[in-house]
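Per-entry structural report
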Amino acid sequence: MERRQSCYMNTYFEEVKPSCMWLGLSGTRGEALSSRRAVESGQRTALPVSVEIDQYAIEVLDFSSHYGSENSMSYTMRNLAGGPNVYPSFGDFTQTAVFRAYGTWWEQCASAPPPFHRTPKSFHSQDYIELAFEEPVYPTAVEVLETYHPGAIVQITACSLNPFSQNPPADVRWEVLWAGEPTKVLTPQARQFSPSIKQLSFPTNLIRLEANSSLLKYYTELDAVVLRGQRERPIMSLYKMPRIDICDLSDSDEELLDPGTSFRRAGDEKYMDLVNGYFDRLPYELIQLIVSHLTLPDLCRLAQTCKLFHQHCCDPLQYTQLSLQPYWPRLNDSSLGYLQSRCTLLQRLNLSWTGGRGALTLTGFSSFMKACGGNLVCLELSCCHFLNEVCLEVISQTCSGLQELNLSSCDRLHPQAFTHISNLTRLRRLVLYRTKIEQTAMLSILTFCTELRHLNLGSCVMIEDYDVVVSMLAVRCRSLRSLDLWRCRNLTERGLAELAVGCRLLEELDLGWCSTLQSSSGCFQHLACNLPHLRKLFLTANRTVCDSDIEELAANCHALQHLDILGTRMVTSTSLRKLLQACPKLLLLDVSFCSQVDARIVQELSGLFPNVAIKKSFTQ
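Overview of the structure. (Residues numbered from 1 in each chain as written. Predicted model: local features only at pLDDT ≥ 70, side-chain atom pairs only at ≥ 80, totals over all residues. Heavy atoms only, no water.)

What follows deals with a nonpolar patch on the surface. Residues Leu 282, Leu 286, Leu 289 and Ile 290 make up a contiguous nonpolar surface patch of about 310 Å² in total accessible area. Tracing the backbone through its elements, the reader meets Leu 289 in helix 6 (residues 284–291). Residue classification places Leu 289 among the partly exposed positions, given a relative accessible area of 49%. (Patch = residues over 30% accessible without salt bridge, like charges linked within 9 Å, V, L, I, M, F, W, Y side chains within 5 Å. Areas by Shrake-Rupley, 256 points an atom, 1.4 Å probe, with all protein chains shown as cover. Salt bridge = Lys/Arg side-chain N within 4 Å of Asp/Glu carboxyl O. Helix = DSSP H or I, 4+ residues; strand = E, 2+ residues; numbered from the N terminus. Buried < 20%, exposed > 50% of the residue type's maximum accessible area, 1.4 Å probe, protein only.)

Laid out in structure tokens, this is it:
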């Protein structure tokens, strides 16, 4: 029984009999038939009586992004530890957990990478958070208290690993409790989201929520998560039939060994050579085009059906880009080893979220990269906590032509590891959001990686002096198109002025929560005068932004599409009207918590400029 369960949980990429199918929980033929007879004859055994218990999360173990700062509790994922702070109230509260992005605004930016081919349509997740609870239980419900713009949760999974155990199991299993599609709730009111979940065969105290906020009008806010369950396995689950392998019920092994037997028994000898129908008469390129529409698991399954499809499904041209992120629960060293021979022409690779808790090792990753990384131009490694300095060294030595590298939220990488990135001199896009990169390593990267077009340093709290960094950018990376400095601590007017003069091609600039910048110095007006190509500008939570700054943007930045001035006290409707009239491409304007822009003004401007999404958050 245990052997078959582990087989069922194995990765899609392992070779199995092509004629096997699985139904329900696996078990031997004898176990299945015995269980059926027991149920049909009405037999009952003594069953444990268990009481349901409710638990709030006691610790946030991991997450992909958050709106808040690394050094405070406002809008951070850490707010999901413990009971509710806001519920049943609703509105924009700092005591909740908020992801970094919402809507489709970020996907529309020039800095956004193109989507990966073959991503399953059922994979919707953009963010995640992992929560630990005190006591392992067999879940009967998971309740998410959403207090603002609900509807982002798309998947809830449970793990067999007890994160507090001193002796973790060798085989860590993840089971999907519930999965759905992104939803658009019409009202922003609070709700208690508790979908029907499947029953587990193991107790859990580690729950993972995955989210997609693309349909939401504003940031979703989560207040608390409740895990309800029983200490003993629920009674009804003991009556469920074990899963039966069709191979166990076959009366003859001969038919399984030769799938073409039944076809040849038809008796028409002239078709014996067409065991694939007329498929093998199609041009090679046409068959390649057909199989290119399959997802990766289906491609691996099809390869097991016959020699013809094995040849096509193993052709390296089918693997020029590969996204393994949707399969993060099952991906391990063996999976990479299985794919290695097929990926010799690999150009774009997405391993984001993979390899956690020992699933990928240095040996497995290094072997794959050395065999398949020579042609890579794009490497996505967001939230890959298996990475260490040796891994980055392997990347720098193997992937000499790499142009895009994403290390977002790899917050366990030692600062010294980032020095190897400077060897990737062809880099054009580098994402270091929520990493521990230090100033010395960053300056080294800018010295050698002069072709950078897109750089994300959001929430990089280990950089001591951002003025020095942006000054180097202005000198070395004059072709820069986007720069994210979200929540950088110490950027001043001097550094911003040098950036505006040196990087005049900038289209996106995020200065959200850069509290050291003061409008009275004229820095924002100077910025608007020198960056006429700006399409996105975030001045979030800078209370000094004033009408003069907005009017300067209106006069110079006619291509502006996204502007966030949340929290300013000095902007009025007069300057906003000028901006809306002068910037016909404007799509997003966030004036939340702008004290001189009330709901009446927002309603009036929205009526005059219906193509602009004007955001006005509120607190109940």
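Across the sheet, twelve strands lie side by side as 13-14-15-16-17-18-19-20-21-22-23-24; this open sheet has parallel pairing. Looking along the sheet, the strands with just one partner apiece sit at the ends: strand 13 (321–323) and strand 24 (613–615). Within the sheet, the average angular offset between the axes of one strand and its neighbour, ignoring direction, is 5 degrees. Across three bridges, strand 23 (residues 588–590) lies against strand 24 in parallel orientation. Pairing of Asp 590 across the sheet is with Lys 615, part of strand 24. (Pairing = 2+ DSSP bridges. Axes fitted to C-alpha atoms, helices over the stretch in contact; angles between N-to-C directions.)

Next up on the list: the packing of aromatic side chains. In the structure shown here, the tally under the stated rule is 17 aromatic pairs. The interplanar angle of 85 degrees and the centroid separation of 6.2 Å between the aromatic rings of Tyr 67 and Trp 513 together place this pair among those described as edge-to-face. Of this pair, Tyr 67 sits in the loop between strand 4 (59–63) and strand 5 (97–98) while Trp 513 sits in the loop between strand 20 (508–510) and helix 15 (523–530), and the two are 446 residues apart along the sequence. Judged by its relative accessible area of 4%, Tyr 67 is buried. A centroid spacing of 5.5 Å and a plane angle of 85 degrees characterise the contact between Tyr 148 and Phe 618, whose relative ring orientation is edge-to-face. One end of the pair, Tyr 148, is in strand 6 (residues 127–148); the other, Phe 618, is in the segment after strand 24, and 470 residues separate them in sequence. A relative accessible area of 2% places Tyr 148 in the buried class. What makes Phe 618 partly exposed here is its relative accessible area of 32%. (Phe/Tyr/Trp six-rings, centres within 6.5 Å; stacked < 30°, edge-to-face > 60°.)

Under the definition given, this model contains 23 salt bridges. Asp 510 serves as the salt-bridge partner of Arg 100, at 2.8 Å between the closest nitrogen and oxygen. Pair noted here: Arg 100 is in the loop between strand 5 and strand 6 and Asp 510 is in strand 20, with a separation of 410 residues, a long-range link. For the pair shown, Arg 100 and Asp 510 are each scored as buried. The structure contains a network of salt bridges with shared partners spanning Glu 130, Arg 208, Glu 210 and Arg 357.

A few words on unusual backbone geometry. Looking along the chain, the bond that leaves Tyr 87 and enters Pro 88 is cis, with omega of 10 degrees. Considering the arrangement of structural elements, one finds Pro 88 in the loop between strand 4 and strand 5. The backbone of Tyr 75 shows a phi angle near 60 degrees, a positive value even though the residue is not glycine. Given a relative accessible area of 10%, Tyr 75 falls into the buried group. The phi dihedral of Ser 459 is positive, around 60 degrees, even though this residue is not glycine. Its place among the elements puts Ser 459 in the loop between strand 18 (454–456) and helix 13 (466–476).

With respect to the helices and strands, the residue Thr 96 is situated in the loop between strand 4 and strand 5. The contacts of Thr 96, once residues within four sequence positions are left out, are Tyr 75, Thr 76, Asn 79, Val 86, Thr 147, Glu 221, Leu 222 and Asp 223. (Contact = heavy atoms within 4.5 Å.)

On to helix 17 (residues 573–582), then. Along helix 17, the residues that are buried comprise Ser 575, Leu 576, Leu 579 and Leu 580. Down the axis of helix 17, the sector holding all buried residues measures 135 degrees, keeping them to one side. Here the buried face of helix 17 lies against helix 16 (547–556), strand 22 (562–564), strand 23, helix 18 (599–608) and strand 24. (Arc of directions from axis to C-beta.)

The values are spatial; any link to function lies outside them.
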